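Structure assessment
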Amino acid sequence: MPLTKDSKVFESLFAAIDPKLMPREGKFAQYALPLVDKLTTNDSRATTVLFVTDGLSQQAKQQVEHYFRERAHQLIIWG
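Conventions used here
Residues numbered from 1 in each chain as written. Predicted model: local features only at pLDDT ≥ 70, side-chain atom pairs only at ≥ 80, totals over all residues. Heavy atoms only, no water. Axes fitted to C-alpha atoms, helices over the stretch in contact; angles between N-to-C directions. Helix = DSSP H or I, 4+ residues; strand = E, 2+ residues; numbered from the N terminus. Parallel < 35°, antiparallel > 145°, perpendicular 65-115°, else oblique. Contact = heavy atoms within 4.5 Å. Nonpolar A, V, L, I, M, F, W, Y, C, P; charged D, E, K, R; others polar. Core = buried A, V, L, I, M, F, W, Y, C linked by side-chain atoms within 4.5 Å. Buried < 20%, exposed > 50% of the residue type's maximum accessible area, 1.4 Å probe, protein only.

Where an unreviewed UniProt entry is consulted, the protein chain appears under the name TPR domain protein in aerotolerance operon, with the organism given as Vibrio maritimus.

Structure (structure tokens):
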């Protein structure tokens with residue numbers, strides 16, 4: 001998808017996101033990392049991971065940085 005400032009483009013995508021997908025309520029992005037592993041285990045291609053968040057704790061930031069430093073995946077944080 002090309003870059004755009006038209007936020008309506010994302011409405012259908014965000015409508016499909018269910019917060020229950022996250023393993024824990026709150027600002028614990030690092031708990032989603034095992035889900036990334038699970039979803040990408042059988043795929044050798046690099047993956048782009050999008051975190052939609054209103055903030056990361058310092059602990060989450062450190063764990064997420066370490067995780068993506070060790071893998072070929074691309075991380076995009078939007079929020």
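The next point concerns the packing of helix 2 (residues 33-40) against helix 3 (residues 58-69). Running from amino to carboxyl end, helix 2 crosses helix 3 at an angle of 25 degrees, the nearest separation of the two axes being 11 Å. Overall, the two elements helix 2 and helix 3 adopt an arrangement that is roughly parallel. Contacts between helix 2 and helix 3 involve Leu33, Val36 and Asp37 from the first element and Gln63, Val64, Tyr67 and Phe68 from the second. Classifying every residue of the contact of helix 2 with helix 3 gives 5 nonpolar, 1 polar and 1 charged.

Bringing the nonpolar core into the picture now. Residues Ala29, Ala32, Leu33, Val36, Val49, Phe51, Val64, Tyr67 and Phe68 constitute the largest nonpolar core, which totals 9 residues. Elements supplying a minimum of two residues to this core: helix 2, strand 1 (48-52) and helix 3. The element contributing the most residues to this core is helix 3, with 3 residues. Not counting residues within four places of it along the chain, the set of residues in contact with Phe68 comprises Leu33, Val49, His73, Gln74 and Leu75.

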